[in-house]
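# Per-entry structural report
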Amino acid sequence: MSWTRRFVLALSVVLVALAAALLTAPGAQAHEERPVTFPDGSGAVPKLRTGEPDLLVCKTDRAAFERRISGFPAALKARNLTLYERCVRDGYRHLQQAVDAVDRPGLTIAILPGLYEEEPSLPPPTGACATLKAPQSSLGYQVLSYEQQRQCPHNQNLVAILGKKNLQIEGTGASRLDVVIDAKYRKLNALRADGTDGVYFRNFTAQRTTFNSLYVLAADGFVIDDVLTRWNDEYGFLTFASDHGLYKNCESYGNGDSGIYPGSASDINDGRGYDVPRYSIEITGCRSHHNMVGYSGTAGDSVWVHDNEFDHNMGGASMDSAFPGHPGLPQNHARFERNLIHDNNQNYYPYVADGTCAKPPVERGYEQGVVCPQISMPPGTGIITAGGNWNLYEGNWVYGHQRAAFYLNAVPAFIRGEAAWGKQTDTSHHNRYAGNHLGVDKSGTARPNRTDVWWDGQGSGNCWQSDTGAASPGALPGCGTRRGDVSGDTDRLIGEPVKLAQLLVCADYNVQARRLPAGCDWYGARGLQRVETQLALGTSLVLALTGLALWWRRLRGNRLAGAATLIGLAGLALDVAGSTLALTPTVVPALALLLTGVWWTLLGLALRPSRPVFAWTTVALGALTLLDAFDKAILMVPGIPLSPAWLRLLLGVIWVLWAVVAAGARGPSPTGGPSTPDPAPEAAPGAAPGTGAAPEAAEAPGAGAAPGTGAAPATGAAPVETRPHGEATA
């Protein structure tokens, strides 16, 4: 790495270091698990077995059972009645009992229609299980080892499936709502499948936990098929450090984080480009709605997400490298195709602000639509990529968002606990957005997004389709026909300064402390409350006052400087207007930069005769501002490691200090006289009192002003030099 790149990298780390405390605090609130490694990849996606089940689970209230199946199709009703007779005779009353009875791989457990609260598993731990020694997560639960999970399976889990191989668990109802497994907000997980290679879940509902409804950990081979999860503090479906996985025809809603979370999917494609041999997890035919976010994946690596619907969440989908403790970081190789991602404009933060989310989970009203957002999230966004690489977003319908269709920003590696210098800029590279249907639904009806693209500008190899609408920045690198082809590619080590400031402010969120950052529009700030508008207004006021003082004290008589100052004031006013939510994605911010750049350039030219060094510095600042306008509106300048905005910011600070000194210094006034009166020279002998000049000189016909008065000589008069003791010479 060259010394220049090292310097810029060092600068970028310093600039984001202030954010460390803010960003790591939310990170500690994310999913925390024992250290775990990826499977070796030798498994396979399990297949559905359709034969008779090996073990049965049912309740013994026959009348209630018959009411539940009364509307079933005749064949399905008859099958359930037959299974019920067998279950009453030699089945189990709780799912955990059947799981405990599994003594070999390849068995199937059938759950007959009913409500399963797993009463033996619900009580709090006692004895040795109540005094386990284990690390404490920031959310208050213990991070137990696998051995401790086996020792005390119901400390955290309603149903614990530990180490069982090729196990299939399925409901026998007509829909997934006929079999309901309910944790009643008394367990961290409704079902936990840990080290269960080949597990298959089908046709039931799991609900009401203080973390996850269905949790699959360290599995090489799993299927989640036609399962519904809902009303959880964190996730509906959580799969972690797993491979050969398939979600299909699933649904999730009412979750404080995401409905579907394939976190730390097996990192099988690390180091590859866009062409990969396979994906570790496939998600298809699912719908995730009315959650904080429909889909999320810290280290969601090598996940193929296609033909799903993510709607009416705060955000449609997100993947990130922002939280420590997840194997497979930085996130890479997610592939999104043909998904419907629309109308993700919910805002659940008011439930945090009014104290609803501070109540016990059972009292919050999840069943009535309350969601308690667990992390910071920009509402009104389609797909968020916070520090990901080699992701493909192609052929999706993304519409109806009040903020942005696509949101991309980088995350420095120290946020995830990696301090190596070479890693600090290892995210936000080679993300391809091509062939998507933006601002229009499948029927062709216009459903515009407020902005199609929001990008902080960091990274290389990122590209967007040519038909994007409003975007920030306005100029984006374009995708070629082939994956990997990029026109106008850039390679920047740090994002735009104002966007970085916004991200830092917005990250300071904590649901437990009911802390919603002031100044961030994610949480409702508008107008002058927004940090971007506050920065624009403060900067514009400083520059306007400095520029006016400089013009008044030094250039008041200069027409060029007067015109330049008016242009500058117009540019600064537009800069404030362009920082608002409504105008940020328009041409107004670039126009503001254009006018401000013209101001500085003309002002510098007017200053050349009197202050050449300061003048050329001012011209240089004007040129940088014009370049910044070009960079944002016409074409992102290639080959530079920092946006012109950073250089403009640094030089602008120097210019303001210099301009203040120049405006306040003693020197010629705009009309040519001294800015402050010089001391009167000593009076010559015989001079009139107080005049400093001889009477003869004052009365001489055709003479200029008397020497020593400080007045300018008349036109055509010879210069007069005042000598000591009042002697004057022509």
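Whatever comes next refers back to the structure up there.
This one's a predicted model, so the numbers in the text were calculated from it and none came from an experiment.

Here we take up the packing of helix α10 (residues 559-578) against helix α11 (residues 588-607). Relative orientation of the contacting elements α10 and α11 amounts to 155°, with a least axis distance of 7 Å. Taken together, α10 and α11 sit at an angle that is classed as roughly antiparallel. In this structure, the crossing between α10 and α11 has a hand that is left-handed. Two secondary-structure elements touch here, α10 through L560, A561, A564, T565, I567, G568, A570, G571, L572, L574, D575 and G578 and α11 through V588, P589, L591, A592, L595, T596, V598, W599, L602, L603, L605 and A606. Looking at the contact of α10 with α11 residue by residue, the class counts come to 18 nonpolar, 5 polar and 1 charged.

Here we come to the pattern of salt bridges. Counted according to the given criterion, the structure contains 36 salt bridges. Between R176 and E251 there is a salt bridge; the shortest N-O distance is 2.8 Å. Here R176, found in the loop between β5 (168-171) and β6 (179-182), pairs with E251, found in strand β13 (residues 251-255); they are 75 residues apart in sequence, far enough to count as distant. Like R176, the residue E251 is buried in the burial classification. One salt bridge in this structure joins R208 and E367, with 3.1 Å as the shortest N-O distance. Highlighted residues: R208 in strand β8 (residues 199-209) and E367 in the loop between α7 (349-353) and β24 (381-386), separated in sequence by 159 residues. Look at E367 and you get partly exposed, because its relative accessible area is 29%.

Turning next to the nonpolar core. Residues L191, F201 and F336 are the most contacted members of the largest nonpolar core, which totals 73 residues. In terms of residue count, the dominant contributor to this core is β8 (4 residues).

Ordered by their spatial adjacency, 11 strands build an open sheet running β4-β7-β9-β11-β14-β17-β20-β24-β28-β31-β34, and the pairing between neighbours is parallel. In the strand order of this sheet, the two ends are held by β4 (157-162) and β34 (471-472), each with one partner. Pairing between strand β28 (residues 404-409) and strand β31 (residues 453-455): 3 bridges, direction parallel. What sits directly across from F406, in β31, is V453.

Next up on the list: the environment of D270. Mapped onto the elements, D270 comes out in the loop between β14 (258-263) and β15 (281-284). Taking relative accessible area as the criterion, D270 reaches 55% and is therefore assigned exposed. Residues D270 and N332 lie 62 residues apart in sequence; the distance between their C-alpha atoms is 7.1 Å.

Let us now look at the layout of surface pockets. Taken as a whole, the second largest pocket holds about 480 Å³ of empty space. Around the second largest pocket, the lining comprises 22 residues; the ones closest to its centre are L139, G140, Y141, L188 and T210. Tallied by class, residues from the lining of the second largest pocket come to 11 nonpolar, 7 polar and 4 charged.

Let us look at the state of the cysteines. What the rule picks out here adds up to 6 disulfides. Here C129 pairs with C152 through a disulfide, and the sulfurs are 2.1 Å apart. On the S-S bond that ties C129 to C152, the torsion sits near -90°, and the link is left-handed. Pair noted here: C129 is in the loop between β3 (114-116) and α6 (146-151) and C152 is in the loop between α6 and β4, with a separation of 23 residues, a long-range link. Judged by its relative accessible area of 2%, C152 is buried. Once the bonded cysteines of the chain are numbered in order along the sequence, the disulfide links fall as 1-2, 3-4, 5-6, 7-8, 9-10, 11-12.

So, on to the packing of helix α12 (residues 612-633) against helix α13 (residues 644-664). Orientation of α12 relative to α13, taken along the N-to-C sense of each, is 150°, at an axis distance of 9 Å. Comparing the axis directions of α12 and α13 gives the class roughly antiparallel. Classified by chirality, the crossing of α13 by α12 is left-handed. Here V613, F614, T617, T618, A620, L621, L624, T625, L627, D628, D631 and K632 of α12 lie close against α13, whose contacting residues are P644, A645, L647, R648, L651, G652, W655, W658, A659 and A662. In terms of residue class, the contact of α12 with α13 is built from 14 nonpolar, 4 polar and 4 charged.

Below, the discussion takes up unusual backbone geometry. Among all residues except glycine, the phi angle is most often negative; among peptide bonds, the trans geometry is most common. Between L329 and P330 the backbone carries a cis peptide bond, its omega angle lying at -5°. Among the structural elements, P330 can be located in the loop between β20 (315-320) and β21 (331-332). Look at the link from S472 to P473: it is a cis peptide, with omega at 5°. Along the chain, the position of P473 falls in the loop between β34 and β35 (478-479). You will see that E118, though not glycine, has its phi angle at about 50°, which is positive. A positive phi angle, close to 60°, is found at R338, a residue other than glycine. Here R338 is to be found in the loop between β22 (335-337) and β23 (340-342).

The next subject is empty space enclosed by the protein. Tallied over the full model, the rule gives 5 cavities of 30 Å³ or more. What the second largest cavity holds in volume is close to 100 Å³. Taken together, 16 residues form the lining of the second largest cavity, with E32, E33, Y141, L188 and R192 sitting closest to its centre. Partitioned by chemical class, the residues of the lining of the second largest cavity number 6 nonpolar, 6 polar and 4 charged.

In this section: a nonpolar patch on the surface. On the surface, L627, F630, I634 and L635 cluster together to form a nonpolar patch covering roughly 350 Å² of accessible area. Relative to the helices and strands, L627 is located in helix α12.

This paragraph deals with the environment of P644. You can see P644 is positioned in helix α13. Placed 18 residues apart in sequence, P644 and L626 show a C-alpha to C-alpha distance of 9.2 Å. When near neighbours in sequence (up to four residues on either side) are disregarded, P644 contacts R492, L624, L627, D628 and D631.

In this section: the packing of aromatic side chains. Under the defined criterion, the tally for this structure stands at 31 aromatic pairs. Here Y509 and Y523 contribute two aromatic rings whose centre-to-centre distance is 5.5 Å and whose plane-to-plane angle is 15°, an arrangement assigned as stacked. A residue pair is termed long-range when its members are at least 10 positions apart, and Y509 in the loop between α8 (497-506) and α9 (531-554) and Y523 in the loop between α8 and α9 qualify at 14 residues. The class for Y523 is buried, based on a relative accessible area of 13%.

Moving on to α12. The end-to-end C-alpha distance of α12, which contains 22 residues, comes to 31 Å, matching closely the 32 Å that a straight helix rising 1.5 Å per residue would cover. F614, A615, T617, T618, V619, L621, G622, L624, T625, D628, A629 and D631 are the residues of α12 that are buried. Where the residues of α12 are buried, they touch β37 (491-492), α9, α11 and α13.

The element β28 is largely enclosed, with a buried count of 6 among its 6 residues. Note: β24 against β28, 5 bridges, orientation parallel. Bridged to A386 within β28 is N409.

What counts and what doesn't
- Residues numbered from 1 in each chain as written.
- Predicted model: local features only at pLDDT ≥ 70, side-chain atom pairs only at ≥ 80, totals over all residues.
- Heavy atoms only, no water.
- Axes fitted to C-alpha atoms, helices over the stretch in contact; angles between N-to-C directions.
- Helix = DSSP H or I, 4+ residues; strand = E, 2+ residues; numbered from the N terminus.
- Parallel < 35°, antiparallel > 145°, perpendicular 65-115°, else oblique.
- Left-handed = near helix turned anticlockwise from the far one by under 90°.
- Contact = heavy atoms within 4.5 Å.
- Nonpolar A, V, L, I, M, F, W, Y, C, P; charged D, E, K, R; others polar.
- Salt bridge = Lys/Arg side-chain N within 4 Å of Asp/Glu carboxyl O.
- Buried < 20%, exposed > 50% of the residue type's maximum accessible area, 1.4 Å probe, protein only.
- Core = buried A, V, L, I, M, F, W, Y, C linked by side-chain atoms within 4.5 Å.
- Pairing = 2+ DSSP bridges.
- 1 Å grid on protein atoms, 1.4 Å probe; cavity = no way out; pocket = protein on both sides within 12 Å on 5 of 7 lines; lining within 4 Å.
- Points joined across faces, edges and corners; volume = space filled by probe spheres on them.
- Disulfide = S-S within 2.5 Å.
- Patch = residues over 30% accessible without salt bridge, like charges linked within 9 Å, V, L, I, M, F, W, Y side chains within 5 Å.
- Areas by Shrake-Rupley, 256 points an atom, 1.4 Å probe, with all protein chains shown as cover.
- Phe/Tyr/Trp six-rings, centres within 6.5 Å; stacked < 30°, edge-to-face > 60°.
- Expected span 1.5 Å × (residues − 1).

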